[in-house]
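Geometric and topological summary
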Amino acid sequence: MVSDGGNSDADGSPVPSKSQRKRDMLALQAVGEALITLPDSQLATIPVPDNVLDAVMAARSMNSRGALHRQKQYIGKLMRNIDAAPIVDALEALRARERLQAARHHQTEQWRDRLIAEGDAALAEFIAQYPEADRQKLRQLMRAAAKPAASPSAPKAARNLFRYLRELSDR
């Protein structure tokens, strides 16, 4: 049989290069590192096999830098022997949720700042977007937050306004 010089299996499917295999291995190791840094509550929501979960928990308790590095490599090795797609999907879903929460937080901050700076013009826009908002309560919170920054109650009033806006946006 004459070889065509390309990299392929006995069945003709292409074999990834050594560099590609190393990139894949490092990507799986990075997934393992992400699992190590997750809080327990989030880790519990991810479909991780028991042997990988045990290795992740062991890595969390390691203080030695060298031992932690070896443990991360071991987690990467374990990840190569399983289907990591559900784990990657679950991690991506967590990240997407965190990005959404951050965006909502920033939007709420922007509304607070606009309501304090622009007053009734911004209030009319806000009420149009959130008709269930209590206009009187919003005005009271806006007035208290708009007091001079030298006032000791101004930061607390701005926080109260932010909390009320967040309640409205979470509904």
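No experiment lies behind these values; they were computed from the predicted model shown.

Right, let's talk about the overall build of the protein chain for a bit. A count of helical and extended segments in the protein chain gives eight helices and zero strands. Starting at the N terminus, the α and β elements of the protein chain follow one another as α-α-α-α-α-α-α-α. Expected size for 171 residues packed as a compact globule is a radius of gyration near 16 Å; at 26 Å, the protein chain overshoots this value by more than 25%. Projecting the C-alpha coordinates of the protein chain onto the three principal axes gives extents of approximately 85 × 40 × 25 Å. Per-residue burial over the protein chain gives 29% buried out of 171 residues. Taking all contacts inside the protein chain whose residues are at least 6 apart in sequence as the whole, residues at least 24 apart take part in 49%. Put simply, the protein chain shows about 11300 Å² of open surface, and 52% of that area lies on carbon and sulfur atoms.

Another aspect to go through is the nonpolar core. In terms of nonpolar packing, the biggest core is built from 21 residues, with Leu35, Ile46, Val52, Ile75, Met79, Ile87 and Leu91 touching the most fellow members. Mapped by element, the contributors of at least two residues to this core are α1 (18–37), α3 (50–60), α4 (65–80) and α5 (85–118). By residue number, the principal contributor to this core is α1, which donates five residues. Ignoring anything within four residues of it in the chain, the contact list for methionine 79 reads Leu28, Val31, Val52, Ala84 and Ile87. Phe126, Leu141, Met142 and Ala145 belong to the second largest nonpolar core, which has 18 residues in total.

Relative orientation of the contacting elements helix α7 (residues 135–145) and helix α8 (residues 154–170) amounts to 150°, with a least axis distance of 7 Å. The angle between α7 and α8 falls in the class roughly antiparallel. Here α7 and α8 pass one another in a crossing that is left-handed. In contact with Lys137, Leu138, Leu141, Met142, Ala144 and Ala145 of α7, α8 contributes Ala154, Ala157, Ala158, Asn160, Leu161, Tyr164 and Leu165. For the contact of α7 with α8, the class distribution of residues is eleven nonpolar, one polar and one charged.

Moving on, we come to the environment of aspartate 54. Examined against the element boundaries, aspartate 54 turns out to sit in helix α3. A sequence separation of 21 residues divides aspartate 54 from isoleucine 75, and the C-alpha atoms of the two residues are 9.5 Å apart.

Here α4 contains 16 residues, and its C-alpha end-to-end distance of 23 Å stays within 8% of the 22 Å for a straight helix at 1.5 Å per residue. Three or more residues of α4 are buried, namely Gln71, Ile75, Gly76, Leu78 and Met79. Considered in projection along α4, the buried side chains sweep an arc of 160° and stay on one side of the axis. Where α4 is buried, its residues touch α1, α3 and α5.

Applying the stated criterion to the full structure yields two aromatic pairs. Seen from their ring centres, tryptophan 111 and phenylalanine 126 are 5.1 Å apart, and the 75° between their planes marks the pair as edge-to-face. Pair noted here: tryptophan 111 is in helix α5 and phenylalanine 126 is in helix α6 (residues 120–129), with a separation of 15 residues, a long-range link. Each of the two residues, tryptophan 111 as well as phenylalanine 126, counts as buried. Each member of the aromatic cluster is reached from another via a ring pair, and the members are Trp111, Phe126 and Tyr130.

Each value, and the rule that gives it
Residues numbered from 1 in each chain as written. Predicted model: local features only at pLDDT ≥ 70, side-chain atom pairs only at ≥ 80, totals over all residues. Heavy atoms only, no water. Helix = DSSP H or I, 4+ residues; strand = E, 2+ residues; numbered from the N terminus. Rg over C-alpha atoms; globule rule 2.2 N^0.38 Å. Buried < 20%, exposed > 50% of the residue type's maximum accessible area, 1.4 Å probe, protein only. Contact = heavy atoms within 4.5 Å. Areas by Shrake-Rupley, 256 points an atom, 1.4 Å probe, with all protein chains shown as cover. Core = buried A, V, L, I, M, F, W, Y, C linked by side-chain atoms within 4.5 Å. Axes fitted to C-alpha atoms, helices over the stretch in contact; angles between N-to-C directions. Parallel < 35°, antiparallel > 145°, perpendicular 65-115°, else oblique. Left-handed = near helix turned anticlockwise from the far one by under 90°. Nonpolar A, V, L, I, M, F, W, Y, C, P; charged D, E, K, R; others polar. Expected span 1.5 Å × (residues − 1). Arc of directions from axis to C-beta. Phe/Tyr/Trp six-rings, centres within 6.5 Å; stacked < 30°, edge-to-face > 60°.

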